[in-house]
Amino acid sequence: MQAFDCAIIGAGPAGMSAAITLAKSGACVAVLDQASRAGGQIYRASADSPLPDAHVLGADYTDGATLIAEFERVDITHITQADVWHIGDDGRILFSHFGDTRELHCREMLLCPGAMERPMPIPGWTLPGVMTAGAAQVMLKSDAMVAKGAVFAGSGPLLYLIVAQYLRLGVPVAAMVDTTPRQNYLAAAPLLPRAMRNLPMLKKGLDLLREIRASGVPVYRGATDLQVLGDTRAQGLRFTSASRSHDIAADTVFLHHGVQPNLNMTRAMDLTHRWNADQLCWQVDTDAFGQSSVPHVAVAGDGAGIIGADGARMAGRLAALNILHRLDLLPQEGLDRAAAPDLAALAAMSPFRAFIDRLYRPSDALRLPRDPDTLVCRCEEQTLAQLRTGFEQGARDPNALKMLTRCGMGPCQGRQCGHIVAGLLSDWRNEPPETVGYYRLRSPQRLLTLDELSRFHAIPAPTEATE
Amino acid sequence: MFQSLRKPERDRVTITVNGHPIEAIAGQSVWSAMALNGQTITRRAALSGEDRSAYCAMGVCFECLVEIDGLPNQQACLRRVTEGMAVTTQEITETTEATNAGL
Ligand SMILES: Cc1cc2nc3c(=O)[nH]c(=O)nc-3n(C[C@H](O)[C@H](O)[C@H](O)COP(=O)(O)OP(=O)(O)OC[C@H]3O[C@@H](n4cnc5c(N)ncnc54)[C@H](O)[C@@H]3O)c2cc1C
Ligand code: FES
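Because the structure is predicted, anything quoted here is derived from the model rather than measured.

> How would you explain helix α13 (residues 384-392) of chain A if you had to name every residue and give the values?
All names here are of chain A. The complete set of buried residues in α13 reads Leu-384, Leu-387, Gly-390 and Phe-391. Across the axial projection of α13, the buried residues extend over an arc of 120°, all falling on one side. With its phi angle positive at about 115°, Gly-394 sits one or two positions after the end of α13.

> Just give me the short version of the nonpolar core, but keep the residues and values in it.
Membership of the largest hydrophobic core comes to 118 residues, with the highest contact counts inside it found for Phe-152, Tyr-166 and Leu-237 of chain A together with Trp-31 of chain B. Not counting residues within four places of it along the chain, the set of residues in contact with Phe-152 of chain A comprises Ala-136, Leu-159, Ile-162, Val-163, Tyr-166, Val-173, Ala-175, Met-176, Val-177 and Phe-254 of chain A. If you look at the next biggest cluster of nonpolar residues, it comprises 38 residues, including Ile-20, Val-31, Tyr-43 and Phe-289 of chain A.

> Which residues make up the site of ligand 1, and what are the values?
As a structural note, the neighbourhood of ligand 1 is formed by 29 residues, with Ala-14, Asp-33, Gln-41, Gln-137 and Asp-302 of chain A the closest of them. Per-site note: the chains with residues close to ligand 1 are chains A and B. The backbone of Gln-34 of chain A places a nitrogen or oxygen atom 3.1 Å from a nitrogen atom of ligand 1. For ligand 1, a nitrogen atom lies 3.0 Å from a polar atom in the backbone of Val-84 of chain A. Bound to the protein, ligand 1 loses 92% of the 970 Å² it would expose on its own. Elements with a contribution of two residues or more to the shell around ligand 1: α1 (13-24), β4 (82-87), β7 (115-117), α4 (133-143), α5 (157-168) and α10 (308-326) of chain A.

> Let's hear about the environment of Leu-335 of chain A: which residues, and what values?
All names here are of chain A. Inspection of the secondary structure assignment puts Leu-335 in helix α11 (residues 332-359). Residue Leu-335 is classed as buried on the basis of its relative accessible area of 4%. A sequence separation of 11 residues divides Leu-335 from Leu-324, and the C-alpha atoms of the two residues are 8.4 Å apart. Aside from chain neighbours lying at most four places away, what touches Leu-335 is Phe-289, Leu-321, Asn-322, His-325 and Leu-330.

> Before we move on, could you go through a nonpolar patch on the surface and cite the residues and values that matter?
Residues and elements named next belong to chain A. Taken together, Leu-192, Met-196 and Leu-199 make up a surface patch of nonpolar side chains, about 250 Å² in accessible area. Tracing the chain through its elements places Leu-192 in helix α7 (residues 192-195). When its relative accessible area of 31% is taken as the criterion, Leu-192 is described as partly exposed.

> Run through the sheet that holds strand β8 (residues 86-89) of chain B, naming residues and quoting values.
Residues and elements named next belong to chain B. Taken in spatial order, the 5 strands line up as β3-β2-β8-β6-β7 in an open sheet, and their pairing is mixed. Of all the strands in the sheet, the pair left with one neighbour each is β3 (20-25) and β7 (71-75). Mean inter-strand twist for the sheet, computed between neighbouring axes without regard to direction, equals 40°. Here strand β6 (residues 65-68) runs beside β7; their pairing, made up of 3 bridges, is antiparallel. Considered in β7, the bridge of Ile-68 is made with Leu-71.

Parameters at a glance
- Residues numbered from 1 in each chain as written.
- Chains lettered and ligands numbered in written order.
- Predicted model: local features only at pLDDT ≥ 70, side-chain atom pairs only at ≥ 80, totals over all residues.
- Heavy atoms only, no water.
- Buried < 20%, exposed > 50% of the residue type's maximum accessible area, 1.4 Å probe, protein only.
- Helix = DSSP H or I, 4+ residues; strand = E, 2+ residues; numbered from the N terminus.
- Arc of directions from axis to C-beta.
- Core = buried A, V, L, I, M, F, W, Y, C linked by side-chain atoms within 4.5 Å.
- Contact = heavy atoms within 4.5 Å.
- Near = heavy atom within 4 Å.
- Polar contact = N/O pair within 3.5 Å; in protein donor to acceptor, adjacent residues only side chain to side chain.
- Areas by Shrake-Rupley, 256 points an atom, 1.4 Å probe, with all protein chains shown as cover.
- Patch = residues over 30% accessible without salt bridge, like charges linked within 9 Å, V, L, I, M, F, W, Y side chains within 5 Å.
- Salt bridge = Lys/Arg side-chain N within 4 Å of Asp/Glu carboxyl O.
- Pairing = 2+ DSSP bridges.
- Axes fitted to C-alpha atoms, helices over the stretch in contact; angles between N-to-C directions.

Here you go:
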């Protein structure tokens with residue numbers, strides 16, 4: 001079967017920027033994404049918003065429409081609503097598409113799967129009515145759906161952004177419960193002078209906080225001991241702030257505790273990963289061009305380590321330039337020249353990133369559960385106490401604990417519990433995360449039915465691929 | 001309570017949720033069509049059978065699994081409604097799983 005020069009998975013800022021660069025130099029490109037339109041998390045539905053006036057979401061969002069328009073103009077094969085569940089290092093990709101199974105082949109592959117929110121395993125986090133702040137954003141952007149009278153709890157820029165977006169739309173918010181520990185402000189302060197070079201970014205963040213404060217929505221700071229109230233449904237949030245316990249009634253609780261790379265794709269390919277001690281998460285190990293431990297597999301954007309949307313665009317372009325070079329479509333000096341501006345811009349962003357990482361460093365109390373009855377594995381319903389028992393029975397690493405307790409074996413395949421289980425084991429063993437390791441993952445990366453597998457089609461590249 | 005702020009002009013489709021016809025907007029996610037019609041429960045937890053509902057809305061938690069046109073384990077937050085689609089909340093638990101075609 002005719003292979004594509006390059007297949008890109010994920011049409012967010014990283015994947016779209018890469019596709020544009022590749023296509024403009026004549027590479028034959030396929031882009032696959034689960035979504036019905038390009039955009040990724042930040043620019044979701046930015047080109048066709050269901051909201052009467054999308055400008056209330058902010059210029060960062062509406063600016064995405066320009067990139068989407070450019071992406072949709074270039075000559076590539078863009079397959080929407082394609083759920084990729086197998087990527088082989090032989091260049092074979094399998095995905096679900098409207099209940100069918102499809103296959104394509106490529107010479108180079110670029111994974112741009114983006115980020116997911118860090119799970120926040122507080123008591124009651126599995127109750128219906130508890131969602132993530134990112135979920136609030138997804139629902140707002142793609143379906144103009146909001147939850148009135150919700151409480152928002154956690155820490156980090158995305159939390160403040162969605163609260164501000166709700167307020168601009170006139171959607172009532174019960175409270176914002178900020179869990180950023182006070183000591184984070186002190187720890188981040190020494191990094192502020194260098195971060196000031198990125199004044200516009202800094203100002204954007206401060207403006208959001210000011211906007212929320214001015215709205216009159218109750219804001220609680222330094223909150224600890226969070227617990228979702230309710231037996232069969234969320235009924236509110238209990239927490240401690242300024243040494244007092246508070247109960248806020250709400251039928252929707254949105255949680256947020258930062259984002260981490262969406263790892264399942266890079267893990268299932270068995271690429272080399274490393275522990276990021278600033279962001280407290282695993283990430284794939286790549287060079288400055290996103291090239292992984294398997295040379296024809298590159299990873300770019302938040303899926304390779306959290307760098308934000310602007311960084312993702314740059315990383316996508318850099319990965320594309322290197323792929324063009326590997327495909328003999330760009331000589332070395334052309335690569336060096338074209339890459340220099342993005343390499344410099346990425347380096348210039350890093351002091352700001354370091355400041356944000358320190359300020360919003362996830363607190364252990366919210367990253368790892370404390371209450372013995374809190375579910376760690378949502379799918380197989382394994383509590384902290386059950387995992388501890390498994391550990392005491394001799395399961396000392398994530399895979400052994402998985403074999404013993406079934407944690408991480410459910411439909412989400414450890415996407416939610418992976419970092420929690422690894423963090424708990426690291427604490428219990430009093431050893432670094434690198435020593436403890438992570439779940440071993442395999443394809444398929446989602447549940448499949450025989451029915452679906454039986455409807456099988458291959459997608460050849462258009463004939464002009466450079467062979 | 002979920003509420004829609006959608007501008008009015010899009011095409012409507014009819015789908016069924018657990019046999020009841022509901023109106024939805026073409027291209028809307030199955031999850032939002034369900035939630036706006038008061039059906040916020042998607043599946044049952046594997047062991048306890050407790051009610052579960054969408055958590056991430058972006059495809060990484062698998063709490064929103066429903067059956068769509070007879071096919072089990074479909075993510076309601078990722079699938080989009082189409083005319084005549086039949087959605088049922090998923091009743092599979094550990095005890096019923098063995099009889100199903102899930103791989
Ligand atoms: C829920 C959420 C909301 C966010 N909102 C904002 C925001 O408003 N502003 C902001 O600055 N930052 C936001 N972020 C941070 C965001 O990660 C980055 O700003 C930016 O979107 C990263 O770009 P990317 O191209 O690396 O990945 P993304 O934009 O995340 O794109 C990844 C794409 O990969 C696709 N994908 C993943 N797995 C598969 C698969 N198996 N098969 C097929 N396709 C797949 C996804 O559908 C997605 O479109 C958000 C993050 C999350 C998780
Ligand atoms: S709500 Fe998380 S996968 Fe659909």
